[in-house]
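Listed below are the residues making up each chain.
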Amino acid sequence: AQSVTQPDIHITVSEGASLELRCNYSYGATPYLFWYVQSPGQGLQLLLKYFSGDTLVQGIKGFEAEFKRSQSSFNLRKPSVHWSDAAEYFCAIPLVGNTPLVFGKGTRLSVIA
Amino acid sequence: DAGVTQSPTHLIKTRGQQVTLRCSPKSGHDTVSWYQQALGQGPQFIFQYYEEEERQRGNFPDRFSGHQFPNYSSELNVNALLLGDSALYLCASSLKVGSRNPYEQYFGPGTRLTVT
C-alpha cells in the first residue's frame, strides 16, 4: 500500500535561513505529489503539486519542491524563511487508482528571530 | 469565488450522542471528500461522494455515514460518539475522476469536534 513518510516531526529555523522539509513516498508508479500547509486551527492550503514534467515545481509563498524518482522523495524548500511560515506542513499522495489523499504525519515548523 | 465552507466551526458532544457536520464545496466542484485529523496527526480519509453516492471509503466504521445533495453540498454523520472521535473534521472538494484535474483537493477550515 502506498504511504508517505515525513521523517522530521519538528524543525526550528531562524528567520531568513533556508528550509528543507523531507518527504518520502511508497507508490507503485509515478505519483502525483502534493504539499499542504496548515496554520494553527485552520484547514489545509495547497502549496504546490507535481503531476508530470519538470521535476522542480514552484508553489505559492516562495516555496518549491523537487521530485526525485530515484530517491522516492519530494522535498519542500524555501531559500529564506519568514516568521509567517511557522505552521504544520503535510506531504500527500493519492490512493492508487483513486483520488483521495494519503497524508504524512506532518512536520511542524517553528521560526525564531 | 467562494472556497470550501464548513459548519459549525466548533462542536461539543457527549459520548453516545450523534452529530452532523456540513460542507459546501468550492464553486465548480462536484466531489466532496471527508477527512478526520486527530491531534498531532495527518488527515485520514473517511469517504468521498460524487453524484450523490458514496464512491470511496477509508477504514472507518459504519457509525460514520454521509450524504451528498443535488447542489453538491455534503453532510457527515457520526452516531454513538466515542471519546476517540474527538478531532478536526475536514471537508475537501475536487472535480470528479475523468475530469482534467481530479486529484487537486481544496480544503475547508474544518469542524473541531470534542466528545466528552
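Scroll up to find the structure this text is about.
Criteria and cut-off values
Residues numbered from 1 in each chain as written. Chains lettered and ligands numbered in written order. Predicted model: local features only at pLDDT ≥ 70, side-chain atom pairs only at ≥ 80, totals over all residues. Heavy atoms only, no water. Helix = DSSP H or I, 4+ residues; strand = E, 2+ residues; numbered from the N terminus. Buried < 20%, exposed > 50% of the residue type's maximum accessible area, 1.4 Å probe, protein only. Contact = heavy atoms within 4.5 Å. Lys, Arg positive; Asp, Glu negative; His and termini not counted. Charge placed at Lys NZ, Arg CZ, Asp CG, Glu CD. Pairing = 2+ DSSP bridges. Axes fitted to C-alpha atoms, helices over the stretch in contact; angles between N-to-C directions. Polar contact = N/O pair within 3.5 Å; in protein donor to acceptor, adjacent residues only side chain to side chain. Salt bridge = Lys/Arg side-chain N within 4 Å of Asp/Glu carboxyl O.

(A) Highlighting the overall build of chain A. A tally of helices and strands in chain A yields zero helices and 12 strands. Its helices and strands taken in sequence order, chain A reads β-β-β-β-β-β-β-β-β-β-β-β from the N to the C terminus. Per-residue burial over chain A gives 48% buried out of 113 residues. Relative to all contacts within chain A whose residues are 6 or more apart in sequence, the contacts with residues 24 or more apart total 53%. Each charge sign in chain A was given a centre, from 9 positive and 8 negative side chains, and these centres are 5 Å apart.

(B) Expanded view of the sheet that holds strand 1 (residues 5–7) of chain B. All names here are of chain B. Judged by pairing direction, the sheet is antiparallel, and its four strands sit side by side in the order 1-3-8-7 without closing on themselves. The outermost strands of the open sheet, each flanked by one partner alone, are strand 1 and strand 7 (64–68). Averaged over all adjacent pairs, the angle separating strand axes in this sheet is 20°, with direction ignored.

(C) Region of interest: the environment of H29(B). Residues and elements named next belong to chain B. Within the secondary structure, H29 sits in the loop between strand 3 (19–24) and strand 4 (31–37). Along the sequence, H29 and V4 sit 25 residues apart, while their C-alpha atoms lie 9.6 Å from each other. Beyond its immediate chain neighbours, meaning those up to four positions away, H29 contacts Y72, S93, S94, L95 and Y106. A polar atom in the side chain of H29 sits 3.3 Å from the backbone nitrogen of S94.

(D) Examining the pattern of salt bridges more closely. Evaluation of the coordinates by the stated rule reveals 10 salt bridges over all chains. Between R22(A) and D8(A) there is a salt bridge whose closest N-O contact spans 2.9 Å. With R22(A) in the loop between strand 3 (19–21) and strand 4 (24–26) and D8(A) in the loop between strand 1 (3–5) and strand 2 (10–14), the pair connects residues that are 14 residues apart, well separated along the chain. Under the relative-accessibility criterion, R22(A) is labelled partly exposed at 38%. Given the relative accessible area of 19%, D8(A) is considered buried. Across the pair E75(B) and R22(B) runs a salt bridge whose closest N-O atoms are separated by 3.4 Å. Taken together, the residues span a long stretch of sequence, with E75(B) in strand 8 (residues 74–78) and R22(B) in strand 3 at a distance of 53 residues.

(E) Fine view of unusual backbone geometry. A cis amide bond links S7(B) with the next residue in sequence, P8(B), at an omega value of -10°. Secondary-structure assignment places P8(B) in the loop between strand 1 and strand 2 (10–13). Although it is not a glycine, K61(A) adopts a positive phi angle of roughly 60°. Relative to the helices and strands, K61(A) is located in the loop between strand 7 (56–58) and strand 8 (64–68). Residue K61(A) is classed as partly exposed on the basis of its relative accessible area of 45%. A positive phi angle, close to 80°, is found at Y72(B), a residue other than glycine. Its place among the elements puts Y72(B) in the loop between strand 7 and strand 8.

Read these as spatial facts, not as claims about activity.
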